[in-house]
Amino acid sequence: MKWNKNNVLLRYNNDFLIANRDLNAWIIISDEVHKIICNYAKSLNKDAFLELYEKEDKEYLQSVISNMIKIKLLVDNEEERIVNSVSLSLTNGCNLNCIHCCMDANNSKVRYEKQVDYWLDIIDELSTNREIEEVTVTGGEPVLKKDFKKISCYLKEKLNCKLLLLTNGTLLDDEVIGWITGVYDSISISLDGGDKILTDFIRGHGVFEKVIQTVVKLKEKGFENISLSAILPNSIDCEEQFQKLCDELEVGCQVRPLSYMGRASENYISLKSIFDNYVHENKLEIADVYDNYEVANLSSCGMASRKMATFDPYGNIYPCNLFQENGMEISYHNGKTFYSENVENVISFKGTICEDCPVNVFCWSCLSDFNNIKNDSKQIEEKCKQKKKKLMFEIWGVTD
Ligand SMILES: C[S@@+](CC[C@H](N)C(=O)[O-])C[C@H]1O[C@@H](n2cnc3c(N)ncnc32)[C@H](O)[C@@H]1O
Ligand code: SF4
Ligand code: SF4
């Protein structure tokens with residue numbers, strides 16, 4: 001019997017919080033009980049160890065220990081962390097030039113694309129991992145990749161998992177629609193707006209109509225598993241408008257948080273001014289994103305629980321689509337990822353004000369949000385002000 005090695009230990013006053021992001025499980029115990037359980041875990045004769053305690057204490061310890069075993073914070077054998085979700089970013093090329101593109105993709109830069117055999121080898125390696133539940137094909141614009149069809153069909157042939165295509169939806173002509181609907185389980189098209197004005201600002205002129213036509217064509221083909229995605233101004237009205245459009249088209253709806261990667265960082269000021277003007281001109285209400293902040297789902301970050309891997313067009317591997325930056329490279333072998341110190345430091349909030357915070361794993365359910373602002377003390381303090389009080393009450397029962 002031992003502590004699960006993926007537990008995270010947080011401390012507040014004389015109590016410990018033992019959390020496990022992989023399992024979405026946590027428990028609070030006192031310092032004293034923590035010490036006892038450490039000794040219990042090491043003891044050779046567990047029954048004799050508990051006999052050292054008075055009846056009431058013994059019953060309490062037994063119930064805490066059995067609860068911890070049930071939720072796997074204490075284990076006999078460690079379960080290995082195996083990757084279950086993979087993204088393949090086939091190209092850095094794109095026919096669009098979206099203002100916020102995290103991949104900095106467009107048509108005018110040098111194209112980086114690995115040869116088809118590189119991707120087929122990766123698919124062969126992935127096919128040995130029985131835990132893979134989904135593979136997302138993305139880019140740049142994946143439909144532009146010369147061997148897009150060959151790679152997609154090979155994925156279908158070799159892997160028994162869900163295949164998801166992330167596309168801007170502007171290049172899906174009848175020929176492509178004819179075959180992708182038989183290969184992919186779902187197709188997610190980025191629109192970034194609930195109306196033509198917003199989409200065309202972000203993605204370019206004519207994109208809104210083109211995407212709507214593509215959705216109609218996919219539906220005519222009988223393909224139903226379609227969703228539209230958007231990065232939107234911080235306004236409930238915008239979200240509602242986007243949701244309404246998706247409802248009318250009878251497709252799924254995904255609102256994505258903005259990551260400050262690639263052009264989003266370069267164009268941050270113009271992007272903010274487009275969003276602000278749009279909200280202002282349409283007299284929309286700005287949302288306080290933390291108004292309805294609920295205790296985060298501990299397991300929502302696939303990077304923290306080592307369940308994801310992103311293969312980029314240059315031959316690098318990253319822990320998440322939103323972590324494709326220098327120094328964040330990882331390796332993948334036999335279904336497992338191996339993280340560098342840099343990546344581990346992000347996961348443990350090392351060197352930031354969040355490092356010793358007793359609610360850090362609840363506060364940042366997406367580590368990209370944290371990474372985006374971790375070096376900006378003003379922004380991080382602003383977020384902290386909004387979240388800490390609520391989390392300290394929800395998790396630790398602290399009221400002041
Ligand atoms: C990089 S694109 C590649 C696939 C395809 N070209 C598309 O636009 O859907 C993949 C997804 O990332 C989203 N994305 C682009 N820039 C982003 C950013 N700065 N932050 C968060 N998501 C972003 C896109 O909206 C899209 O849904
Ligand atoms: S977000 Fe997608 S469509 Fe837009 S430039 Fe980037 S890769 Fe192209
Ligand atoms: S932002 Fe504040 S509440 Fe959140 S982890 Fe950092 S210090 Fe804690």
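Just so it is clear, the structure is predicted and the values come from calculations on it, not from any experiment.

Student: So what exactly am I meant to see when it comes to the overall build of the protein chain here?
Tutor: A count of helical and extended segments in the protein chain gives 15 helices and 15 strands. A globule of 400 residues ought to have a C-alpha radius of gyration of about 21 Å, and the protein chain, at 24 Å, matches this closely. With the C-alpha coordinates of the protein chain rotated into their principal frame, the extents come out at 75 × 50 × 40 Å. Scored against the burial criterion, the 400 residues of the protein chain give a buried share of 34%. Counting contacts in the protein chain only where the partners sit at least 6 residues apart, residues at least 24 apart contribute 66% of the total.

Student: Mind showing me how you'd approach the site of ligand 3 here?
Tutor: Near ligand 3 the following residues occur: Ile-353, Cys-354, Cys-357, Val-359, Asn-360, Cys-363, Ile-380, Lys-383, Cys-384, Lys-387, Lys-388 and Leu-391. Elements represented by at least two residues in the shell around ligand 3 include exactly helix H13 (360–363) and helix H15 (377–396). Top element by residues in the shell around ligand 3 is H15. It accounts for six residues. Here the residues of the shell around ligand 3 sort into eight nonpolar, one polar and three charged.

Student: Can you help me understand the domain arrangement of the protein chain in this one?
Tutor: Interfaces are often sized by the amount of accessible area the parts lose when they come together. One can read the domain layout of the protein chain as domain 1 (2–75), domain 2 (85–331) and domain 3 (348–396). Put simply, the middle of domain 2 and the middle of domain 3, counted by C-alpha atoms, are 27 Å apart. With 16 residues of domain 2 at the interface, the matching set in domain 3 holds 13 residues. Looking at side-chain class alone, the side of domain 2 that touches domain 3 contains 13 nonpolar, three polar and no charged residues.

Student: What exactly am I supposed to notice about the sheet that holds strand E11 (residues 252–255) here?
Tutor: Taking strand neighbours across the sheet as the criterion, the eight strands line up as E11-E10-E9-E8-E7-E6-E12-E13 in an open arrangement whose pairing is mixed. Strands at the two margins of the open sheet, each flanked by one partner only, are E11 and strand E13 (317–318).

Cut-off values and rules
- Residues numbered from 1 in each chain as written.
- Chains lettered and ligands numbered in written order.
- Predicted model: local features only at pLDDT ≥ 70, side-chain atom pairs only at ≥ 80, totals over all residues.
- Helix = DSSP H or I, 4+ residues; strand = E, 2+ residues; numbered from the N terminus.
- Rg over C-alpha atoms; globule rule 2.2 N^0.38 Å.
- Buried ≥ 20, exposed ≤ 12 C-beta atoms within 10 Å, placed from the backbone.
- Contact = placed C-beta atoms within 7 Å.
- Near = placed C-beta within 6 Å.
- Nonpolar A, V, L, I, M, F, W, Y, C, P; charged D, E, K, R; others polar.
- Domains from an automatic or database assignment.
- Pairing = 2+ DSSP bridges.

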